[in-house]
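Residue-level structure breakdown
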Amino acid sequence: MNFHDSERMAGILETEGYSLTERPEDADLIILNTCSIREKAEHKFYSDLGRLRVVKKKNPEVKIGVSGCIAQQEGERIFKKAPHVSLILGPQNLTSLSELIEVDRRSSLEDRPDYAKAEIPTRRLDNIKAWVSIMYGCNNFCSYCVVPYTRGRERSRPLTDIFREVEGLSQAGYKEVTLLGQNVNSYGRNLEDGTDFTELLYRLHDLKGIERIRFVTSHPKDFSERLIKAMKELPKLCEHMHLPLQAGSDRILNLMNRGYTYRDYKEMADKLRSEIPDVAITTDIITGFPEETEEDFEKTIVALREIRFDGIFVFKYSKRPNTSALLLPGHLQDEIKAERFSRVLDIQDYITLEKNRGIIGKNIEILVEGKSKTDNDKMTGRTRTNKIVNFIGNIESKGKIIMVKISGTRHNSLDGEPLDFAQGKPL
Ligand code: SAH
Ligand code: SF4
């Protein structure tokens with residue numbers, strides 16, 4: 001979501017005559033688009049901001065801005081801490097960017113209910129896959145999470161605006177869109193016309209040229225049978241569900257204010273797997289939430305073993321400002337959080353490897369995204385289930401959907417051999 005907000009700020013600035021540069025020394029304007037989901041991201045921001053002091057010293061004309069969730073959270077305190085900053089911009093205020101670059105030391109941090117209706121120019125950094133925001137903010141107030149405080153209330157964009165944006169992408173040759181929201185299953189809840197998420201999916205599915213549709217993130221509490229039905233009926237909708245579990249213990253899920261039990265979750269995962277063959281389910285796990293006992297934690301391990309996710313993101317619980325979990329007794333020491341974190345990683349690494357080994361020898365469809373980032377001689381693509389496949393091929397395959405035979409598995413990716421041929425050349 002943050003990455004896409006950066007694309008939008010770049011789009012706005014392009015209309016103001018700016019262009020992108022890789023080198024801070026060459027820039028007239030530098031904006032740090034920040035994340036405050038965990039404390040670590042915040043530390044990184046302050047060290048990056050410190051480094052920019054040197055750039056500002058060398059070139060006093062350069063304007064430095066801070067956007068994103070830390071900007072919203074800290075507000076004008078950032079001016080005090082860092083006098084070299086000249087503008088501060090909250091995540092709902094991207095449309096104020098053009099005004100802010102004209103003045104010095106101003107901020108834009110208001111709650112903007114109308115932001116969901118704004119049409120924002122976007123400078124996309126990829127020409128095959130595109131991120132598309134369908135809603136902003138969050139109303140769930142999970143007790144550990146800062147997002148409802150930094151991104152404000154949940155607001156959905158009108159369906160017609162999203163449709164027009166994706167239509168534009170299809171005309172521009174994009175092949176894949178990923179619909180973004182903190183809780184896409186509740187898309188439309190604030191819209192007067194009664195539109196819901198599945199309706200949006202059916203509408204977007206009609207657009208020619210777009211071959212794959214993905215979405216993140218679904219909240220288990222709002223998961224619907226209609227979504228499973230849509231996945232069955234819409235061939236472009238990829239068989240991948242990122243469904244954050246967070247913890248295996250009902251006591252902890254309750255303290256987290258997640259609104260489901262492990263049994264609810266397990267039933268959803270079972271249903272998905274029985275109705276959508278080969279669906280990939282991925283998740284987020286937090287270790288060391290306040291009051292998590294060894295017994296609670298073991299329930300997370302049982303969940304990993306029972307559900308056998310295709311992939312997970314795991315995080316050590318991090319204290320965030322304003323959140324209600326701060327008030328819980330029984331915050332754990334970092335060593336405990338870290339030890340549980342590595343146990344989760346070890347178990348999941350083993351499961352991922354086992355699952356990936358199971359695909360070796362199979363023929364799978366991938367959308368080729370371009371050159372591999374780790375090996376310049378290889379091309380890279382993703383399966384419908386969002387697994388990365390690297391293969392030896394040529395650049396003309398970029399943007400094409402091809403079949404590969406999976407030949408090996410590595411830590412975070414698969415190796416493949418292309419099966420399709422174009423004009424006599426292997427793709
Ligand atoms: N809206 C999404 C999640 C967005 S944040 C959802 O509810 O599924 C992405 C992930 O960051 C969360 O799923 C959670 O696992 C993690 N996270 C959020 N706040 C955190 C915190 N304070 N400490 C550790 N992990 C956190
Ligand atoms: Fe945070 Fe929960 Fe909202 Fe996700 S659903 S953004 S974890 S409050």
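This one's a predicted model, so the numbers in the text were calculated from it and none came from an experiment. (Residues numbered from 1 in each chain as written. Chains lettered and ligands numbered in written order. Predicted model: local features only at pLDDT ≥ 70, side-chain atom pairs only at ≥ 80, totals over all residues. Heavy atoms only, no water.)

**Section: the layout of surface pockets**
Size it by volume and the second largest pocket reaches roughly 870 Å³. Around the second largest pocket sit 26 residues that line it, and Leu20, Thr21, Leu29, Ile30 and Ile31 are the ones nearest its centre. Sorting the residues of the lining of the second largest pocket by element identifies α1 (2–15) and β1 (29–34) as the ones contributing at least two each. For the lining of the second largest pocket, the element with the most residues is α1, which contributes 7 residues. In terms of residue class, the lining of the second largest pocket is built from 14 nonpolar, 5 polar and 7 charged. (1 Å grid on protein atoms, 1.4 Å probe; cavity = no way out; pocket = protein on both sides within 12 Å on 5 of 7 lines; lining within 4 Å. Points joined across faces, edges and corners; volume = space filled by probe spheres on them. Helix = DSSP H or I, 4+ residues; strand = E, 2+ residues; numbered from the N terminus. Nonpolar A, V, L, I, M, F, W, Y, C, P; charged D, E, K, R; others polar.)

**Quick notes on the site of ligand 2**
Within the structure, ligand 2 sits among Cys138, Asn140, Phe141, Cys142, Tyr144, Cys145, Val147, Pro148, Gln182, His219 and Arg258. When the residues that make up the shell around ligand 2 are grouped by side-chain class, the tally is 7 nonpolar, 3 polar and 1 charged. (Near = heavy atom within 4 Å.)

**As for empty space enclosed by the protein**
Across all of its chains, the model carries 1 cavity of 30 Å³ or more by this definition. Roughly 30 Å³ of internal volume is contained in the largest cavity. Around the largest cavity, the lining residues are Gln92, Arg112, Tyr115, Ala116, Tyr136, Arg153 and Arg155. Split into classes, the residues belonging to the lining of the largest cavity amount to 3 nonpolar, 1 polar and 3 charged.

**A word on the site of ligand 1**
As a matter of local geometry, ligand 1 sits amid 15 residues, with Gln182, Pro244, Gln246, Asp284 and Ser318 nearest to it. Tyr144 places a polar main-chain atom, nitrogen or oxygen, 3.0 Å from a nitrogen atom of ligand 1. Here Arg258 contributes a side-chain N or O atom positioned 3.3 Å from an oxygen atom of ligand 1. Among the secondary structure elements, those contributing two or more residues to the shell around ligand 1 are β11 (280–287) and β12 (311–316). Among the residues forming the shell around ligand 1, the class breakdown is 6 nonpolar, 4 polar and 5 charged. (Polar contact = N/O pair within 3.5 Å; in protein donor to acceptor, adjacent residues only side chain to side chain.)

**Considerations on the sheet that holds strand β17 (residues 414–418)**
Strand order in the closed barrel made by the 5 strands is β13-β14-β15-β17-β16, with mixed pairing throughout. Neighbour-to-neighbour, the strand axes of this sheet turn through a mean angle of 50°, independent of strand direction. (Pairing = 2+ DSSP bridges. Axes fitted to C-alpha atoms, helices over the stretch in contact; angles between N-to-C directions.)

**Some remarks on the nonpolar core**
Nonpolar side chains in soluble globular proteins tend to end up buried together. Residues Leu179 and Phe197 are the most contacted members of the largest nonpolar core, which totals 68 residues. Those residues within four positions of Leu179 in sequence are excluded, and the remaining contacts are Val132, Ile134, Val184, Phe197, Leu200, Leu201, Leu204, Ile213, Arg214, Phe215 and Val216. (Core = buried A, V, L, I, M, F, W, Y, C linked by side-chain atoms within 4.5 Å. Buried < 20%, exposed > 50% of the residue type's maximum accessible area, 1.4 Å probe, protein only. Contact = heavy atoms within 4.5 Å.)

**Considering the sheet that holds strand β8 (residues 176–180)**
Across the sheet, 3 strands lie side by side as β5-β8-β9; this open sheet has parallel pairing. Edge positions in the sheet fall to β5 (129–133) and β9 (212–216), since each has one partner strand and no second. Ignoring which end each strand starts from, the neighbouring axes of this sheet average 25° apart. Alignment of β5 against β8, held across 5 bridges, turns out to be parallel. Looking at β8, one finds that Val132 is bridged to Leu179.

**With respect to the packing of aromatic side chains**
What describes a pair of aromatic rings is the distance from one ring centre to the other and the angle between the planes of the rings. In the structure shown here, the tally under the stated rule is 8 aromatic pairs. A ring pair is formed by Tyr260 and Tyr265, whose centres lie 6.2 Å apart and whose planes are at 45°; its orientation type is tilted. The two residues Tyr260 and Tyr265 agree in class, both being buried. Judged by centre distance (5.4 Å) and plane angle (75°), the rings of Phe289 and Tyr317 are edge-to-face. Here Phe289 is found in the loop between β11 and α12 (294–307), whereas its partner Tyr317 is found in the loop between β12 and α13 (334–357), with 28 residues between them in sequence. Residue classification places Phe289 among the buried residues on the basis of a relative accessible area of 0%. Members of the aromatic cluster, joined through ring pairs, are Tyr144, Phe289 and Tyr317. Of note, Arg203 hangs over the ring of Phe163, and the distance from its end group to the ring centre comes to 4.6 Å. (Phe/Tyr/Trp six-rings, centres within 6.5 Å; stacked < 30°, edge-to-face > 60°. Lys NZ or Arg CZ within 6 Å of the ring centre and 35° of its normal.)

**Quick word on the packing of helix α11 (residues 262–275) against α12**
Across the interface, α11 lies against α12 with an axial gap of 11 Å and an inter-helix angle of 15°. Considered as vectors, α11 and α12 are oriented roughly parallel to each other. Where α11 crosses over α12, the handedness of that crossing is right-handed. Residues Tyr262, Tyr265, Lys266, Ala269 and Arg273 of α11 form the contact with α12, whose own contacting residues are Ala303, Glu306 and Ile307. (Parallel < 35°, antiparallel > 145°, perpendicular 65-115°, else oblique. Left-handed = near helix turned anticlockwise from the far one by under 90°.)

**So, the pairing of strand β13 (residues 363–371)**
Where β13 lies against strand β16 (residues 401–409), 5 bridges are found, and the strand directions are antiparallel. Pairing of Ile364 across the sheet is with Val404, part of β16. The pairing of β13 with strand β14 (residues 379–383) spans 5 bridges and is classified as antiparallel. The residue of β14 that forms the bridge with Ile366 is Thr383.

Read these as geometric descriptors, not functional statements.
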